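# A structural walkthrough
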Amino acid sequence: MFVLSEFRLAVIQLQVTGVKADNLSRARRLVKEAAGQGSRLVLLPECFNSPYGTSFFSTYAERIPGESTQVLSEAARENQVYLVGGSIPEEDDGKLYNSCTVFGPNGELILKHRKIHLFDIDIPGKIRFQESEILSPGNSLSMFDTAFCKVGVGICYDMRFAELAQLYSRKGCQLLVYPGAFNMTTGPAHWELLQRGRALDNQVYIATASPARDETASYVAWGHTARVIVIKPFFPDLQYLAGVRQQIPITAQRRDDLYTVTSVQEGSS
Ligand SMILES: O=C(O)CCC(=O)C(=O)O
């Protein structure tokens, strides 16, 4: 397979409101803009079509395929990009999931990742959030190949679990993407730290996308810029990555005879 050493990736920090149609059209417009700037892989945030919160999930939930994933598929095809479609509340067989769909440049659905680790935390006086009151967890790892590199997918809280990133890296991923929506408590404390940790431990690139911060929302996303909508291009450079892995060869230096992290799931490619 011909692999480009360097490519442009766009992370869209989307303004998300209660009007689904606006969220979809805004996302579509920004994917086009990102592609117009040369991006080959585009990432949207967690819950990009709906406000984030357990009280919203059932109202905004859709089946897959459905309205939102149709828009994503068309946006990927029209702009010839790999599109990691953030996440949406998904309804399937009476259950709700937090699901990320990934589309290829022909608009084909490459994979669906259901958030594996549900966001259940309780920090007294700060934030209580219990996704598991409403959502069911996914049970699969999710990776896909592109013309540039192999990509592992997680959603927000999934990023806290070092084992998942480690498995993705061991299975050959060079880039991990996490649509996210951290908050004003854990955002400043951990959002960047987690990304740097996962990247450093595993010698991979990490890309995350958050909804833009909206102080009027019931759940205020940390985001991480001052602007309402930003597209951040950056260039994963696989040659550089290979160099780092050679210079600091931790993969070969692991003591598999002493410890190991394995997936109990077979057949995840
Ligand atoms: O891990 C955190 O602190 C935030 C996670 C989160 O917001 C989510 O999973 O949606």
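Coordinates for the structure precede this section.
The paragraphs below set out a description of the structure included in this document.

Parameters at a glance
Residues numbered from 1 in each chain as written. Predicted model: local features only at pLDDT ≥ 70, side-chain atom pairs only at ≥ 80, totals over all residues. Heavy atoms only, no water. Core = buried A, V, L, I, M, F, W, Y, C linked by side-chain atoms within 4.5 Å. Buried < 20%, exposed > 50% of the residue type's maximum accessible area, 1.4 Å probe, protein only. Contact = heavy atoms within 4.5 Å. Pairing = 2+ DSSP bridges. Helix = DSSP H or I, 4+ residues; strand = E, 2+ residues; numbered from the N terminus. Axes fitted to C-alpha atoms, helices over the stretch in contact; angles between N-to-C directions. Phe/Tyr/Trp six-rings, centres within 6.5 Å; stacked < 30°, edge-to-face > 60°. Lys NZ or Arg CZ within 6 Å of the ring centre and 35° of its normal. Expected span 1.5 Å × (residues − 1). Salt bridge = Lys/Arg side-chain N within 4 Å of Asp/Glu carboxyl O. Polar contact = N/O pair within 3.5 Å; in protein donor to acceptor, adjacent residues only side chain to side chain. Parallel < 35°, antiparallel > 145°, perpendicular 65-115°, else oblique. Left-handed = near helix turned anticlockwise from the far one by under 90°. Nonpolar A, V, L, I, M, F, W, Y, C, P; charged D, E, K, R; others polar.

### Describing the nonpolar core
- Counting 40 residues, the largest nonpolar core has Leu 41, Val 84, Phe 144, Leu 175, Leu 176 and Val 177 as the members making the most contacts within it.
- Leave out the neighbours within four places in its chain, and Leu 175 touches Phe 7, Leu 9, Leu 41, Cys 149, Lys 150, Val 151, Gly 152, Tyr 205, Ile 206 and Ala 207.
- Membership of the second largest hydrophobic core comes to 22 residues, among which are Leu 30, Phe 48, Val 81 and Phe 103.

### Examining the sheet that holds strand E10 (residues 150-153)
- Spatially, E9-E10-E11-E12 is the arrangement adopted by the four strands of the open sheet, whose pairing is mixed. The open sheet has two edge strands, strand E9 (143-145) and strand E12 (205-209), and neither has a second partner. Looking at each pair of strands side by side, their axes are set apart by 25 degrees on average, direction ignored.
- In this sheet, E12 lies alongside strand E11 (residues 175-179) in parallel orientation, the contact comprising five bridges. Each residue of the ladder has a partner; that of Tyr 178, found in E12, is Thr 208.
- Sitting on the sheet, helix H5 (residues 186-202) touches E11 and E12, and the angle it makes with E12 is about 155 degrees.

### Structural notes on the packing of aromatic side chains
- For the structure on display, the rule yields 12 aromatic pairs.
- The interplanar angle of 70 degrees and the centroid separation of 5.7 Å between the aromatic rings of Tyr 157 and Phe 161 together place this pair among those described as edge-to-face.
- One aromatic cluster in this structure is built from Tyr 52, Phe 57, Phe 119, Phe 129, Tyr 157, Phe 161 and Tyr 219.
- Positioned above the aromatic ring of Tyr 97, the side-chain terminus of Arg 114 is 3.7 Å from the ring centre.

### Digging into H5
- Look at H5: 23 Å from first C-alpha to last across 17 residues, which is about the 24 Å you get at 1.5 Å a residue.
- By the burial criterion, the buried members of H5 are Thr 186, Gly 187, Trp 191, Leu 194, Gln 195, Arg 198 and Asn 202.
- Contact partners of the buried residues in H5: strand E7 (120-123), helix H4 (162-170), E11, E12 and helix H6 (238-247).

### As for the pattern of salt bridges
- Evaluated as defined, the whole model comprises 15 salt bridges.
- When the shortest N-O distance is used, the salt bridge between Glu 62 and Lys 20 registers 2.5 Å. Taken together, the positions of Glu 62 in the loop between helix H2 (54-60) and helix H3 (67-79) and Lys 20 in helix H1 (residues 20-36) put the pair 42 residues apart, joining distant regions of the chain. Like Glu 62, the residue Lys 20 is buried in the burial classification.
- For the salt bridge of Asp 92 with Arg 63, the shortest nitrogen-to-oxygen distance reads 3.5 Å. A residue pair is termed long-range when its members are at least 10 positions apart, and Asp 92 in strand E4 (residues 88-92) and Arg 63 in the loop between H2 and H3 qualify at 29 residues.

### Quick look at the side chain of Thr 146
- Among the secondary structure elements, Thr 146 is positioned in the loop between E9 and E10.
- Taking relative accessible area as the criterion, Thr 146 reaches 2% and is therefore assigned buried.
- Within polar-contact distance, the side chain of Thr 146 engages the backbone nitrogen of Phe 148 at 2.9 Å.
- A distance of 2.7 Å separates a polar atom in the side chain of Thr 146 from the backbone oxygen of Cys 149.

### What to know about the packing of H1 against H3
- Contact pair H1 / H3: the axes reach a minimum separation of 10 Å and the direction vectors enclose 15 degrees. The orientation of H1 relative to H3 falls into the category roughly parallel. Every pair of crossing elements has a handedness; the one defined by H1 and H3 is right-handed. Judged by residue contacts, Lys 20, Leu 24, Arg 28, Val 31, Lys 32 and Ala 35 of H1 engage Glu 67, Ser 68, Val 71, Glu 74, Ala 75, Glu 78 and Asn 79 from H3.
- Of the residues in the contact of H1 with H3, the class split is five nonpolar, two polar and six charged.

### Quick look at the pairing of strand E5 (residues 95-103)
- Where burial is concerned, most of E5 is hidden: eight out of the nine residues are buried.
- In terms of strand pairing, strand E3 (residues 82-84) meets E5 through two bridges, oriented antiparallel. The residue bridging Leu 83 from the neighbouring strand is Phe 103, located in E5.
- Judged from the five bridges that link them, E4 and E5 form a sheet pairing that is antiparallel.

### Some remarks on the environment of Thr 185
- Here Thr 185 lies in the loop between E11 and H5.
- Its relative accessible area of 26% is what places Thr 185 among the partly exposed residues.
- Linking Thr 185 and Val 220, residues 35 residues apart in sequence, is a C-alpha distance of 9.7 Å.
- Discounting chain neighbours no more than four positions away, the residues touching Thr 185 are Ile 123, Lys 126 and Ile 127.

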